[in-house]
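Take a look at the letters that make up each chain.
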Amino acid sequence: MALIVQKFGGTSVGSVERIEQVAEKVKKFRDRGDDIVVVVSAMSGETNRLIGLAKAINPQPDPRELDVMVSTGEQVTIALLAMALIKRGVPAVSYTGNQVRILTDSAFTKARILQIDSQNIMGDLKAGRVVVVAGFQGVDEQGNITTLGRGGSDTTGVALAAALKADECQIYTDVDGVYTTDPRVVAKARRLEKITFEEMLEMASLGSKVLQIRSVEFAGKYNVPLRVLHSFQEGPGTLITLDEEESMEQPIISGIAFNRDEAKLTIRGVPDNPGVAFKILGPIGAANVEVDMIVQNVAHDNTTDFTFTVNRNDYEKALSVLKETAQTLSAREVSGDTNIAKVSIVGVGMRSHAGVASCMFEALAKESINIQMISTSEIKVSVVIEEKYLELAVRALHTAFELDAVTA
Ligand code: ADP
Ligand code: ASP
Ligand code: MG
């Protein structure tokens, strides 16, 4: 008998019919004798709807109140699923984050889980009940409701699996595993049998939203066996694993991630002195804006150009901070561009192979796609390009790195 944590995402609980289907599935596992804890998201579209309501009142709603509201989405689905299970003769009980006591810090809208009380849940499992837990939400020391950031139900699932020492955490979604790239963008994308935590972490942080990045961090840290599966189709899914031993036989690149959520800012003609990077990025950091890629050009005339990217939501804020900095530094000009996208190739095989980056640049050059910025790490290469070429770039790279599915 195993203890399994099963997480079902928004589309999988997007209607009463789907919730009934999920209940059938959970019942099947339970009839086999497994102990089951289910984590659910809000019905698809619900979190966006709620955020929309808040923004209609104030474009920058109070974060504490926003969390009080968006957490309701998951409260609806836990109750509906518990009802659907009880209707099928399966004893079930639902819990909000507070009722479990998923303790988080107080960073509203992006809280981190600090501790999970497993007592209630273990008691219910012992009594033969299926436990249904609201994803995405927790409670801080003061009793305030918090949420874990978009996609946070994945993290609830993995964190619960770690706390309960579950045998497996299964993430059920609307695709049948982790693919070489988003299968909704590249029809020839292939499902991966396995991917390492490290690669999955890069994919998630570079824009593949199939798993929230913190869920992968958790799974790696606590060595939680993690699998991504289709909610309503049978299949092995994708195992996220520590195991790198087969990487010698694996392709050099495991996947391609992309992200349309960034914007680029440039400040031109700044004095090329020690400390200039700090003078430019210090105020950006102080304004709570995270910087991703950075490029500083080679100086000429003792002045230099400096370019960096931020999340698109922070663009206006960053631009006004940068304009102020430009005045104090007597810089020549400030400009910005929101029509950019970042494309990244990811693979542990890169460690042992040279020439991967140049293969990427060649593939993009063949399509006449201009590269605006480049950044590399041990297992990834990222480029910034014009957004309108994003899909072309991803498809070209998918083919160039021989990731395309073989069609019969
Ligand atoms: P859920 O609501 O179940 O959490 P998400 O929409 O958050 O589902 O995540 C699943 C989606 O992630 C898929 O529908 C797919 O479009 C997208 N996706 C992006 N990159 C990948 C990838 N490499 N493999 C699989 N899916 C991906
Ligand atoms: N409902 C939340 C969201 O849409 C959490 C999740 O689905 O994982 O982001
Ligand atoms: Mg998700």
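Residues numbered from 1 in each chain as written. Chains lettered and ligands numbered in written order. Predicted model: local features only at pLDDT ≥ 70, side-chain atom pairs only at ≥ 80, totals over all residues. Heavy atoms only, no water.

K.L.:
Is there a simple way to explain unusual backbone geometry in this structure?
P.N.:
The bulk of non-glycine residues show a negative phi, and the bulk of peptide bonds are trans. With a phi close to 75°, R101 is a non-glycine residue in the positive phi region. Structurally, R101 is set in the loop between α5 (97–100) and β4 (102–104). Taking relative accessible area as the criterion, R101 reaches 33% and is therefore assigned partly exposed. At S330, a residue that is not glycine, the phi angle is positive and equals roughly 50°. (Helix = DSSP H or I, 4+ residues; strand = E, 2+ residues; numbered from the N terminus. Buried < 20%, exposed > 50% of the residue type's maximum accessible area, 1.4 Å probe, protein only.)

K.L.:
What's the story with the site of ligand 2 in this structure? I'm lost.
P.N.:
Surveying the vicinity of ligand 2 reveals the residues S41, A42, T47, E74, F136, R150, G151, G152 and S153. Here an oxygen atom of ligand 2 sits 3.3 Å away from a polar atom, N or O, in the main chain of G152. Contact between ligand 2 and S153: an oxygen atom at 3.0 Å from a main-chain N or O atom of the residue. Alone, ligand 2 offers 270 Å² of accessible surface; in the complex the protein occludes 86% of this. Split into classes, the residues belonging to the shell around ligand 2 amount to two nonpolar, five polar and two charged. (Near = heavy atom within 4 Å. Polar contact = N/O pair within 3.5 Å; in protein donor to acceptor, adjacent residues only side chain to side chain. Areas by Shrake-Rupley, 256 points an atom, 1.4 Å probe, with all protein chains shown as cover. Nonpolar A, V, L, I, M, F, W, Y, C, P; charged D, E, K, R; others polar.)

K.L.:
Honestly, the UniProt feature "binding site: substrate" (unreviewed entry) in the protein chain in this entry has me stumped. Any pointers?
P.N.:
Those places that UniProt annotates as "binding site: substrate" (unreviewed entry) correspond, in this numbering, to T47 and E74. Maximum C-alpha separation among the annotated residues is 8.8 Å over a sequence range of 28 residues, consistent with a single clustered spot. For T47, the location among the structural elements is in helix α2 (residues 46–57). Mapped onto the elements, E74 comes out in helix α4 (residues 72–87). (UniProt positions renumbered as here; feature names shortened; annotations may be inferred.)

K.L.:
Can you walk me through the site of ligand 1 in this structure?
P.N.:
Taken together, 17 residues sit near ligand 1, with T173, D174, Y179, D182 and R184 positioned nearest. Between ligand 1 and T173 there is a distance of 2.6 Å, counted from an oxygen atom to a side-chain nitrogen or oxygen. Side-chain polar atom of K209 to an oxygen atom of ligand 1: 3.5 Å apart, as the coordinates give it. When the residues that make up the shell around ligand 1 are grouped by side-chain class, the tally is six nonpolar, six polar and five charged.

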